[in-house]
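Report on the structure
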Amino acid sequence: MAHRSRILVVDDDPTVAEVVVKYLERDGHAVESVGDGAEALRRALANPPDLLVLDLMLPGMDGLQVCKKLRERWPVPVIMLTALGEEIDRVVGLETGADDYVTKPFSPRELALRVQSVLRRARGTLVAGGTGVLRDLDLTVDVGAHEVRLRGEEITLTAREFDLLAHLMRNPRQAFSRAALLDQVWGWSFGDTSTVTVHVRRLREKIEADPTTPRRIVTVWGVGYRYEPLDGTPR
């Protein structure tokens, strides 16, 4: 029997929450819904779901606070719901640790497809699927175990960050545009390429000795990014 993903929907608008729950249940997920951030955090920490659909604007503790506090304890995938036009909030949400975002008003079917995409990546069945270990000096990516170590210490990456790093390391010295990474890592044929920019920034903060002068994930001006091995080609 196929695994039923447990999803927690967090939105204080009962109409939006009801529609989202129905669409996700139709896809075979087990879905719970809550209307405030504090209760969402309590439930997520007590019994971590497979994914959160999290509204940015919530009474009391907002979505950014929930995402940040959750990220400090557990790398649960998060899809943030934001109002149309709030670009700065979307970027802040991604920097806080959200794996994806959908702007309101949104198509419930689009959200359901984004949920499927994030879940597949969280399970390591797309870009970072398979087994094997990628190494570059003190950086080790164990694809099968979905584990990253830097100087022997495990570092926590979101599913998207892990996929992005694995993809770049598997293709050393190859320059990718943001649009190409959005397609090959996120699986989107269109979308906001600032998503890629934010994830690269977060990765640099975690794996670079000096994120302001990156040596591994380098910028290729006018193109995008490439992975530059510090010790030859990763193997």
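This is a predicted model, so every value here is computed, not measured.

The helix and strand inventory of the protein stands at eight helices and 12 strands. The burial tally for the protein puts 47% of its 235 residues in the buried class. Taking as baseline every contact in the protein between residues at least 6 positions apart, the subset at least 24 positions apart corresponds to 59%. As displayed, the protein has an accessible area near 11000 Å², and 50% of this comes from carbon and sulfur atoms.

Time to look at the sheet that holds strand E11 (residues 217–220). Read from one edge of the open sheet, three strands run E10-E12-E11, paired in antiparallel fashion. Every interior strand has two partners, whereas the edge strands, strand E10 (176–177) and E11, have only one. On the sheet, helix H6 (residues 159–170) packs against E10, E11 and strand E12 (224–227) and is oriented at approximately 70° with respect to E12.

Where helix H7 (residues 178–186) meets helix H8 (residues 194–207), the closest approach of the two axes is 9 Å, and the angle between their N-to-C directions is 80°. Considering their axes alone, H7 and H8 lie roughly perpendicular with respect to each other. Contacts from Arg-178, Leu-181, Leu-182 and Trp-186 in H7 reach Thr-195, Val-196, Thr-197 and His-199 in H8. A class-by-class count of the residues in the contact of H7 with H8 yields four nonpolar, three polar and one charged.

A word on H8. In this model, H8 (14 residues) spans 20 Å end to end at C-alpha, consistent with the 20 Å of a helix rising 1.5 Å per residue. Counted residue by residue, H8 has 10 buried out of 14 residues, so it is predominantly covered. When H8 is considered as a whole, its buried residues turn out to be Ser-194, Thr-195, Val-196, Val-198, His-199, Val-200, Arg-202, Leu-203, Arg-204 and Ile-207.

With that settled, consider the nonpolar core. In this structure, Leu-139, Val-141, Val-148, Leu-164, Leu-165, Leu-181 and Ile-217 are the most contacted members of the largest nonpolar core, which totals 26 residues. Those elements giving two or more residues to this core turn out to be strand E7 (139–142), strand E8 (147–150), H6, H7, H8 and E12. At six residues, H6 tops the list of elements feeding residues into this core. With residues near it in sequence (within four places) discarded, Leu-139 still touches Leu-134, Val-148, Arg-149, Leu-150, Leu-165, Met-169, Ile-207, Arg-216 and Tyr-227. In this structure, Leu-8, Val-76, Val-78 and Met-80 belong to the second largest nonpolar core, which totals 20 residues.

A word on the confidence of the model for the protein. In regions of low pLDDT, the predicted coordinates are not meant to be interpreted in detail. The share of residues in the protein with pLDDT of 70 or more is 85%, and the mean pLDDT across the chain is 84. Segment residues 125–129: pLDDT under 50, and 18 contacts once partners within four positions in sequence are set aside and those in other chains are kept.

Let us now look at the pairing of strand E3 (residues 51–55). Within E3, five of the five residues are buried, leaving the element largely enclosed by the surrounding structure. Pairing geometry for strand E1 (residues 6–10) and E3, over four bridges, is parallel. Considered in E3, the bridge of Leu-8 is made with Leu-52. Across four bridges, E3 lies against strand E4 (residues 78–83) in parallel orientation. In the strand pairing of E4, Leu-54 is matched with Met-80. For the crossover from E3 across helix H3 (residues 63–71) to E4, the handedness is right-handed.

It is worth spelling out the UniProt feature "modified residue: 4-aspartylphosphate" (unreviewed entry) in the protein at this point. As recorded in UniProt, the sites labelled "modified residue: 4-aspartylphosphate" (unreviewed entry) are Asp-55. Position of Asp-55 among the secondary structure elements: in strand E3. Look at Asp-55 and you get buried, because its relative accessible area is 5%.

Here helix H1 (residues 14–26) is 13 residues long and its end C-alpha atoms lie 18 Å apart, about the 18 Å a rise of 1.5 Å per residue gives. If you check which residues of H1 are buried, you get Ala-17, Val-20, Val-21 and Leu-24. Within H1, the buried residues cover an arc of 100° as seen down the axis, which keeps them to one side. Every exposed residue of H1 that faces more than 90 degrees away from the buried side is listed here: Thr-15 and Arg-26. A side-chain oxygen of the first residue of H1 lies 3.0 Å from the backbone nitrogen of Thr-15; this N-cap is Asp-13. One or two positions beyond H1, positive phi appears at Gly-28, with a value near 95°.

Scoring rules and cut-offs
Residues numbered from 1 in each chain as written. Predicted model: local features only at pLDDT ≥ 70, side-chain atom pairs only at ≥ 80, totals over all residues. Heavy atoms only, no water. Helix = DSSP H or I, 4+ residues; strand = E, 2+ residues; numbered from the N terminus. Buried < 20%, exposed > 50% of the residue type's maximum accessible area, 1.4 Å probe, protein only. Contact = heavy atoms within 4.5 Å. Areas by Shrake-Rupley, 256 points an atom, 1.4 Å probe, with all protein chains shown as cover. Pairing = 2+ DSSP bridges. Axes fitted to C-alpha atoms, helices over the stretch in contact; angles between N-to-C directions. Parallel < 35°, antiparallel > 145°, perpendicular 65-115°, else oblique. Nonpolar A, V, L, I, M, F, W, Y, C, P; charged D, E, K, R; others polar. Expected span 1.5 Å × (residues − 1). Core = buried A, V, L, I, M, F, W, Y, C linked by side-chain atoms within 4.5 Å. pLDDT = per-residue confidence, 0-100. Right-handed = clockwise from strand over helix to strand, strands pointing away. UniProt positions renumbered as here; feature names shortened; annotations may be inferred. Arc of directions from axis to C-beta. Polar contact = N/O pair within 3.5 Å; in protein donor to acceptor, adjacent residues only side chain to side chain.

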